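So you can see what is in the structure, the chains are spelled out below.
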Amino acid sequence: MSSGPGAASVPAPDRHDPPTAPDTAARRTSSMFSSLRVRNYRLFFLGQVVSNIGTWMQRIAQDWLVLSLTGSATAVGITTALQFLPMLLFGLYGGVLVDRLRKRPTLLVTQSAMALTAIALAVLTLTGHVQVWHVYVAALAMGLATVVDNPARQSFVSELVGPDQLQNAVSLNSANFQSARLVGPAVAGLLITGVGTGWAFLLNGLSFIAPLTGLLLMRARELHVVERAPRAKGQLREGLRYVAGRPDLLWPIVLVGFVGTFAFNFPVYLSAFADDVFHGGAGAYSMFNTLMAVGSLAGALLAARRGTARLRLLVLAALAFGALEIVAAGAPALWMFALLMIPIGLFAMTVNVTTNTSIQMSTDPAVRGRVMALYMMVFLGGSPVGAPVVGWITDTHGARVGLAVGGAIAMTAAALIGLILARLGGLRLSVGWHRGHPRVRFVPRERQEALAPVA
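From a predicted model like this one, the values you see are computed outputs, not experimental measurements.

## Examining the packing of aromatic side chains
Moving on, step 1. Counted under the stated rule, the structure contains 12 aromatic pairs.
Moving on, step 2. Arranged with centres 4.3 Å apart and planes meeting at 15°, the rings of F273 and F337 form a pair that is stacked. Linking F273 in helix 11 (residues 266–277) with F337 in helix 14 (residues 334–362), this pair joins segments that are 64 residues apart in sequence. The pair formed by F273 and F337 is uniform in burial state, with each residue classed as buried.
Moving on, step 3. Where F278 meets F337, the ring centres are 5.7 Å apart and the plane angle is 50°; that geometry is what we call tilted. Of this pair, F278 sits in the loop between helix 11 and helix 12 (281–305) while F337 sits in helix 14, and the two are 59 residues apart along the sequence. Here F278 and F337 have matching classes, each one buried.
Moving on, step 4. The ring of W56 carries the charged tip of R59 above its face, separated from the ring centre by 4.8 Å.

As C-alpha cells, this is what we get:
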C-alpha cells in the first residue's frame, strides 16, 4: 500500500566489501539532516525554530488564560474552534490563492499579520484589560492568516529543496515544530506562573522577526521555481476532482479528518486532566505538552530517516494512537498519564508526517497548493466541529470519558479506512497460524485464493 513514489533506492553494497557500522551510522545521520545543506531551506528552518517556540508559548498561554477567565473546558474548545474555523470555511480558497501567488511574498504578509495579532493580545493582557472575547477575536484573526499561511508554507518547501529532498525536508519541518514544543510549553509555564500570560504573547509576536528575516535573506535564483496556476474559473473544482480521482490521496485525508476532529483536541483534554483530574495546575499542563513533544520529536526524526511514506504505516500508527488514548483515559496516577504522553506524541506525529509526506510527494506541483489546503482544511478545520463537542463531553461526563471517546473514534476510522485501502490495493485479510502463533496480515487476493482449500 505505497502512497506513491518515494526516495530513490540505494544500491546494495557489494557483499565482499560491506560497510562498517560507523560508516552506516554516519550515512544515516547525514541523510537525516541532508536538506539542511540547502542554504535557503536552512534559513527557513532556523527562522521557523524561533517562531515555533513562540507559537507554542502562545498556545499554552492562550488556553490557560481562557481557562482562568472562565473556568470552562468548553470555552477552551470554543477558542480552539475559532482559531481553526477560517480553515474549515475558506481553506480551499486559500489553496487556490497559493497556487496563483508567489510563495515568499505571500509568507511575508501572513507572518507579519500573525505577529501584529500576538502583540495586540499582549498589550491587552499586560495592561489588565483583556476579556475572553478579546482572546476569541485574536484566535479568529490568527486563523484567518493561517488560511493562506499554512498551504503556502507547506508547498514552499518543495521550492526550497526540490523533489529529491522533499521527504527529508517535510520530516525535518515536523521535527522543528516538535523541538520547539519541548521549549515553548516549558517557557510558557515559567512565564505564566512567574510574570503572567501577557509576556508569552509578547515574546511570540517578537519571535516572528526570525522567519521574516530568513525570508528576506533567501536567494531567489536558488529557488526551484514552480509554474504558478493562471487565474481561471473552476480551479477549486479542478482540485477537488483531482483528489476525488486519487484514492491514495482521498482516503488518507478522510482518516486524518476523523483523527484531527475528535482525537487531536489536546488543549481541551490536557487542560481538563491537569486542572480537574490531577489538580496539577499550569505546571502539569505544561509537563503533559512537553512530554508529548518528546514523543512527537522522536516520531518526526524517525520519519526523516525513512525513505518512503507508506499508507500501511499511517493506518497502523492511527490504530496505535487511538488505543493509547483509551489507555491514558484510564490512567490512575498523574505520573502514569504523563509517561503515556510520550508514545501518544510519537504515534500522533507518525500519522501527521506520513500523511503530509505521502500527499506532497504524490501530488502534481501545479495543484499542490489546493491539495495541501484541502488536507489542512480537513486536518485543522475539523477542530471547530470537534473541539466544542469534546469540550461538552469533557465538561458533562469528565475528562476521562472525553479522551476515551476521541481514541475510540480514531481507532474505528483507522480500521475501516485500512480495510478500504487494502481492498482498493487488491489485498485481503489473512488470518492463520505461524510457528504456533496467530498471524493476521494482508495478502494479495490471488495469493489468498491460491491458498484456499478446494471444495
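## Things to note about the nonpolar core
As a rule of thumb, soluble globular proteins bury nonpolar side chains together.
Moving on, step 1. In terms of nonpolar packing, the biggest core is built from 79 residues, with F288, F321 and F337 touching the most fellow members.
Moving on, step 2. With nine residues, the single largest contributor to this core is helix 13 (residues 311–329).
Moving on, step 3. Aside from chain neighbours lying at most four places away, what touches F337 is L270, F273, F278, F288, A328, A331 and L403.
Moving on, step 4. F45, V98, V170 and L172 belong to the second-largest nonpolar core, a separate cluster that totals 21 residues.

## Notes on the pattern of salt bridges
Moving on, step 1. The tally for this structure, following the rule as stated, stands at four salt bridges.
Moving on, step 2. The residue D149 makes a salt bridge to R153 at a minimum N-O spacing of 2.7 Å. In this pair, D149 and R153 both sit in helix 5 (residues 132–161), four residues apart, roughly one turn of the helix.
Moving on, step 3. Among the salt bridges present, the one from D248 reaches R246, with a minimum N-O distance of 2.9 Å.

## Things to note about the side chain of N52
Moving on, step 1. Along the chain, N52 falls in helix 2 (residues 39–70).
Moving on, step 2. The exposure class of N52 is buried, given its relative accessible area of 8%.
Moving on, step 3. Leave out the neighbours within four places in its chain, and N52 touches N176, F177 and A180.

## Here's the deal with helix 10 (residues 247–262)
Moving on, step 1. With 16 residues, helix 10 ought to run about 22 Å at 1.5 Å a step, and its terminal C-alpha atoms sit 23 Å apart, in line with that.
Moving on, step 2. Among the residues of helix 10, those classed as buried are D248, L249, P252, I253, L255, V256, G257, V259, G260, T261 and F262.

## Section: the side chain of Q48
Moving on, step 1. Here Q48 lies in helix 2.
Moving on, step 2. Residue class for Q48 comes out buried when judged on its relative accessible area of 8%.
Moving on, step 3. Those residues in contact with Q48 that lie beyond four places of it in its chain are Q111, R153, N176 and P211.

## Concerning the UniProt feature "transmembrane region" (unreviewed entry) in the protein chain
Moving on, step 1. The sites that UniProt annotates as "transmembrane region" (unreviewed entry) are residues 41–61, 73–94, 249–270, 282–304, 311–328, 334–353, 373–393 and 399–422.
Moving on, step 2. Counting secondary structure, residues 41–61 comes out at 100% helix and 0% strand; the distance between its end C-alpha atoms is 30 Å.

## Brief notes about the packing of helix 2 against helix 8 (residues 209–217)
For any two helices packed against each other, the geometry is given by the interaxial angle and the distance between the axes.
Moving on, step 1. Running from N to C, helix 2 and helix 8 cross one another at 170°; their axes reach a closest spacing of 7 Å. As the angle between them shows, helix 2 and helix 8 are arranged roughly antiparallel. Contacts from R39, L43, G47, Q48, V50 and S51 of helix 2 reach helix 8 at A210, P211, G214 and L217.
Moving on, step 2. When grouped by side-chain class, the residues that make up the contact of helix 2 with helix 8 number five nonpolar, four polar and one charged.

## A look at the packing of helix 4 (residues 103–126) against helix 8
Moving on, step 1. Two numbers describe how helix 4 lies on helix 8: the axes approach to 10 Å, and their chain directions differ by 160°. In terms of their interaxial angle, helix 4 and helix 8 are classed as roughly antiparallel. Considering how the two elements wind past one another, helix 4 and helix 8 form a crossing that is left-handed. Between helix 4 and helix 8, the residues in contact are R104, L107, L108, Q111 and S112 and P211, L212, L215 and L216, respectively.

## Overview of the environment of M349
Moving on, step 1. One can find M349 in helix 14.
Moving on, step 2. Given a relative accessible area of 4%, M349 falls into the buried group.
Moving on, step 3. Put simply, M349 and L302 are 47 residues apart on the chain and 10.0 Å apart in space, counted from C-alpha to C-alpha.

## Some thoughts on unusual backbone geometry
Excluding glycine, residues mostly have negative phi values, and the peptide bonds linking residues are mostly trans.
Moving on, step 1. Positioned with a positive phi, H279 is a non-glycine residue whose angle comes to about 55°.
Moving on, step 2. Counting through the fold element by element, H279 comes out in the loop between helix 11 and helix 12.

## Describing helix 3 (residues 73–100)
Moving on, step 1. An ideal rise of 1.5 Å per residue puts 40 Å on 28 residues; helix 3 measures up with 40 Å between its terminal C-alpha atoms.
Moving on, step 2. At F90, helix 3 is deflected by roughly 70°, the largest bend along its length.
Moving on, step 3. The distance from a side-chain oxygen at the start of helix 3 to the backbone nitrogen of A75 is 3.2 Å, and the residue carrying that oxygen is S72.

Cut-off values and rules
- Residues numbered from 1 in each chain as written.
- Predicted model: local features only at pLDDT ≥ 70, side-chain atom pairs only at ≥ 80, totals over all residues.
- Heavy atoms only, no water.
- Phe/Tyr/Trp six-rings, centres within 6.5 Å; stacked < 30°, edge-to-face > 60°.
- Helix = DSSP H or I, 4+ residues; strand = E, 2+ residues; numbered from the N terminus.
- Buried < 20%, exposed > 50% of the residue type's maximum accessible area, 1.4 Å probe, protein only.
- Lys NZ or Arg CZ within 6 Å of the ring centre and 35° of its normal.
- Core = buried A, V, L, I, M, F, W, Y, C linked by side-chain atoms within 4.5 Å.
- Contact = heavy atoms within 4.5 Å.
- Salt bridge = Lys/Arg side-chain N within 4 Å of Asp/Glu carboxyl O.
- Expected span 1.5 Å × (residues − 1).
- UniProt positions renumbered as here; feature names shortened; annotations may be inferred.
- Axes fitted to C-alpha atoms, helices over the stretch in contact; angles between N-to-C directions.
- Parallel < 35°, antiparallel > 145°, perpendicular 65-115°, else oblique.
- Nonpolar A, V, L, I, M, F, W, Y, C, P; charged D, E, K, R; others polar.
- Left-handed = near helix turned anticlockwise from the far one by under 90°.
- Bend = angle between axes of the 7 residues up to and from the residue.
- Polar contact = N/O pair within 3.5 Å; in protein donor to acceptor, adjacent residues only side chain to side chain.

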